[in-house]
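Residues per chain, in single letters:
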Amino acid sequence: MEDHSDRMHSYGNDLEKRKSLYKRTLFIVSISQVFGGAGLAAGVTVGALLAQQMLGTDAYAGLPSALFTLGSAGAALFVGRLSQRYGRRIGLTTGFIIGGLGAIGVIISAIINSIILLFISLLIYGAGTATNLQARYAGTDLATSKQRATAVSMTMVFTTFGAVAGPNLVNVMGNIASSISIPSIAGPFILAAAAYILAGLVLFLLLRPDPLIIARNLAVTNEVNKSVLTTSENTEDKRGIFVGAAIMVMTQIVMVAIMTMTPVHMSHHGHGLGAVGVVIGFHIGAMYLPSLITGFLVDKLGRAFMAIASGITLLLAGLISAFAPADSMLLLIIALSLLGLGWNFGLISGTALIVDSTEMTTRAKRQGTVDVLIALSGAAGGALSGMIVAGSSYATLSLIGGVISLLLIPVVIWARAKKTTGKQVW
């Protein structure tokens, strides 16, 4: 077997070999994201409806989203620390497998009608959501500073295939579940369990050598060619970390809150599971499919420009959601598509800022910590969304989301005005 130091020396001196590993890593992570996307779509599509059916009230319909988002917060920290210590392969594989086990628990809870088991399983299922999100960082480990947003977007594009297919398989999976004596509404979680476990297996078997370990050792031993890493890798930009995290936290709150209650809002106005699946399918497609263009725009126009575009897009989504007639599928599709697009702009610009602003030796741990904040904000948005709708209306929730999204603009302007030294990449 090739000696570890010899391998580091080989990658450090062979630019083409590093480029090849970068492309191979992107391909493998992207394949895992196809399965991961299908897994996360199940909870988004029917989680609220499952809780509504088992609890018999709308007030807690946002709890599933809050629970698996809260679970994803703990998992983000765990996967980040595990990746920092053992590499992306072990960290991401473990997270996906745990998420698959959580989906199995949701299925069992529906069979035995156990609310407690449902809540516990949703927490565990959240590990898949966190891992699917953290996988976007793996593509950036060997990317140059001018490739980072594009690398993030490449993995997110492949998430689209599974994420769009998931909601549109709601009726199919429901029929399969019914045929084997499982409640039909739990059917999508059968898909989620299989998809998450397959995603984990793809990474475990194929993500060799580990990109984070290669990149970290190259940085530590100063064997990285200066023309490949054009920014300093041994200093942290705390302002950049703060702004990147703030962008992703605010977009996550708005997106999760409105998305969570849309299926419930639709069901109250006579829309069936198939219609819900179509709207959520468009929403998730807009979350991921524009990523290639978004990554290019973030790298070319700058992180700040696209963060502001995120706030404006989310505001439009909130306004259309608030004022669209409940029986208008077209306007609901437009609103939820804009919601997904605004989230996409925020996530990619914020992620690129985080990668730009962290040093290689602690990058995975920092990324995990930031994703904890994102997950917790999503959990808060999911939990409060049901209460706001129960106490007021879906329109009120949408308007509140639009107002929150506007806060992105002063945060970015303030940060740019304050930033007079150091790396100015955003």
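Rules used throughout
Residues numbered from 1 in each chain as written. Predicted model: local features only at pLDDT ≥ 70, side-chain atom pairs only at ≥ 80, totals over all residues. Heavy atoms only, no water. Helix = DSSP H or I, 4+ residues; strand = E, 2+ residues; numbered from the N terminus. Buried < 20%, exposed > 50% of the residue type's maximum accessible area, 1.4 Å probe, protein only. Contact = heavy atoms within 4.5 Å. Areas by Shrake-Rupley, 256 points an atom, 1.4 Å probe, with all protein chains shown as cover. Patch = residues over 30% accessible without salt bridge, like charges linked within 9 Å, V, L, I, M, F, W, Y side chains within 5 Å. Salt bridge = Lys/Arg side-chain N within 4 Å of Asp/Glu carboxyl O. Core = buried A, V, L, I, M, F, W, Y, C linked by side-chain atoms within 4.5 Å. Phe/Tyr/Trp six-rings, centres within 6.5 Å; stacked < 30°, edge-to-face > 60°. Lys NZ or Arg CZ within 6 Å of the ring centre and 35° of its normal. pLDDT = per-residue confidence, 0-100. Expected span 1.5 Å × (residues − 1). Axes fitted to C-alpha atoms, helices over the stretch in contact; angles between N-to-C directions. Parallel < 35°, antiparallel > 145°, perpendicular 65-115°, else oblique. Left-handed = near helix turned anticlockwise from the far one by under 90°. Nonpolar A, V, L, I, M, F, W, Y, C, P; charged D, E, K, R; others polar.

> Can you lay out the overall build of the protein chain for me, pointing to particular residues and giving the numbers?
Within the protein chain, the regular secondary structure consists of 17 helices and zero strands. Split into buried and exposed, the 426 residues of the protein chain put 60% on the buried side. Nonlocal contacts in the protein chain, meaning residues at least 24 apart in sequence, comprise 86% of its contacts between residues at least 6 apart. With an accessible surface of roughly 15,800 Å², the protein chain has 69% of that area assigned to carbon and sulfur atoms.

> Please give an account of a nonpolar patch on the surface that cites residues and values.
The grouping of L70, L101, I104, I108, I111, I112, I116, I120, L123, I124 and L376 at the surface amounts to a nonpolar patch, some 940 Å² of accessible area in total. Those elements giving two or more residues to the nonpolar patch turn out to be α4 (88-112) and α5 (115-138). The element contributing the most residues to the nonpolar patch is α4, with five residues. Along the polypeptide, I116 turns up in helix α5.

> Any details on the nonpolar core? Residues and values, ideally.
Of all hydrophobic cores here, the largest spans 83 residues; its most connected members are F189, Y288, L339 and W343. It is helix α14 (residues 329-357) that contributes the most residues to this core, 13 residues altogether. Residue contacts for L339: discarding those within four places in its chain leaves V254, M255, I258, M259, H283, L314 and A317. Of all hydrophobic cores here, the second largest spans 12 residues; its members include A143, A151, I214 and M360.

> Break down the packing of aromatic side chains for me, with residues and values.
Any two aromatic rings considered together are summarised by their centre-to-centre distance and by the angle between their planes. Applying the stated criterion to the full structure yields five aromatic pairs. On the numbers, 5.3 Å between centres and 65° between planes, the contact of Y125 with F189 is edge-to-face. Within this pair, whereas Y125 is found in helix α5, its partner F189 is found in helix α8 (residues 187-206), the two being separated by 64 residues in sequence. Comparing Y125 with F189, the two get one shared label, buried. On the basis of an interplanar angle of 80° and a centroid distance of 6.1 Å, the ring pair of F242 and W414 is categorised as edge-to-face. Taken as a pair, F242 in helix α10 (residues 238-268) and W414 in helix α17 (residues 408-418) lie far apart in primary sequence, 172 residues in all. Residue classification places F242 among the partly exposed residues on the basis of a relative accessible area of 46%. Its guanidinium or amino end placed over the ring of F204, R89 lies 4.3 Å from that ring's centre, counting from NZ or CZ. Between the NZ or CZ atom of R239 and the centre of the ring of W414, over which it lies, the distance is 5.3 Å.

> Run through the confidence of the model for the protein chain, naming residues and quoting values.
In this model, the protein chain carries an average pLDDT of 83, and 88% of its residues clear a pLDDT of 70 or more. Model confidence for the protein chain, summarised as mean pLDDT per element, is weakest for helix α1 (residues 4-13) at 52 and strongest for helix α13 (residues 303-323) at 94. Taken together, the stretch residues 420-425 has pLDDT below 50 and engages in 11 contacts with residues farther than four places along the chain or on a different chain.

> Please give an account of α10 that cites residues and values.
In a regular helix each residue adds 1.5 Å, so 31 residues correspond to 45 Å; α10 covers 46 Å between its end C-alpha atoms and thus fits that length. For α10, the tally of buried residues reaches 24 of 31 residues, placing the bulk of the element in the interior. A positive backbone phi angle near 85° is found at G270, which sits one or two residues after α10.

> Could you give an account of the packing of α4 against α5, naming the residues involved and the relevant values?
Working note: a packed helix pair is described by the angle between its axes plus the distance between those axes. With their axes 7 Å apart at the nearest point, α4 and α5 run at an angle of 150° to one another. Viewed along their axes, α4 and α5 adopt a mutual orientation that is roughly antiparallel. The chirality of how α4 crosses α5 is left-handed.

> Describe in detail the packing of α10 against helix α15 (residues 363-391), supporting the description with residues and values.
In the contact formed by α10 and α15, the axes pass within 7 Å of each other and the chain directions differ by 30°. Our classification of the angle between α10 and α15 gives roughly parallel. The handedness of the crossing between α10 and α15 is right-handed. Across the interface between the two elements, I241, A245, M248, V249, Q252, I253, V256, A257, T260 and M261 from α10 touch V370, L373, I374, S377, G378, G381, G382, S385, G386 and V389 from α15. Partitioned by chemical class, the residues of the contact of α10 with α15 number 12 nonpolar, eight polar and no charged.

> Any details on the pattern of salt bridges? Residues and values, ideally.
Applying the stated criterion across every chain, the model contains three salt bridges. Taking the shortest distance from any N to any O, the salt bridge between D299 and R303 comes out at 3.2 Å. Each member of the pair, D299 as well as R303, carries the same accessibility label: buried. The salt bridge partner of D356 is R303, with a shortest N-O separation of 2.8 Å.

> Could you give an account of the environment of D356, with specific residues and numbers?
Relative to the assigned elements, D356 resides in helix α14. Look at D356 and you get buried, because its relative accessible area is 5%. Along the chain, D356 and A149 lie 207 residues apart, while their C-alpha atoms are 9.9 Å from each other.

> Which residues make up the environment of V170, and what values go with them?
By the element assignment, V170 lies in helix α7 (residues 170-179). When its relative accessible area of 4% is taken as the criterion, V170 is described as buried. Distance from V170 to A41, taken between C-alpha atoms, is 9.8 Å for residues 129 residues apart in sequence.

> Residues and numbers for the environment of A379, please.
Note that A379 resides in helix α15. A379 gets classed as buried once you look at its relative accessible area, which sits at 8%. Spatially, the C-alpha atom of A379 lies 3.9 Å from that of A66, the residues being 313 residues apart in sequence. Here A379 is in contact with A66, T69 and L70, once residues within four sequence places are set aside.

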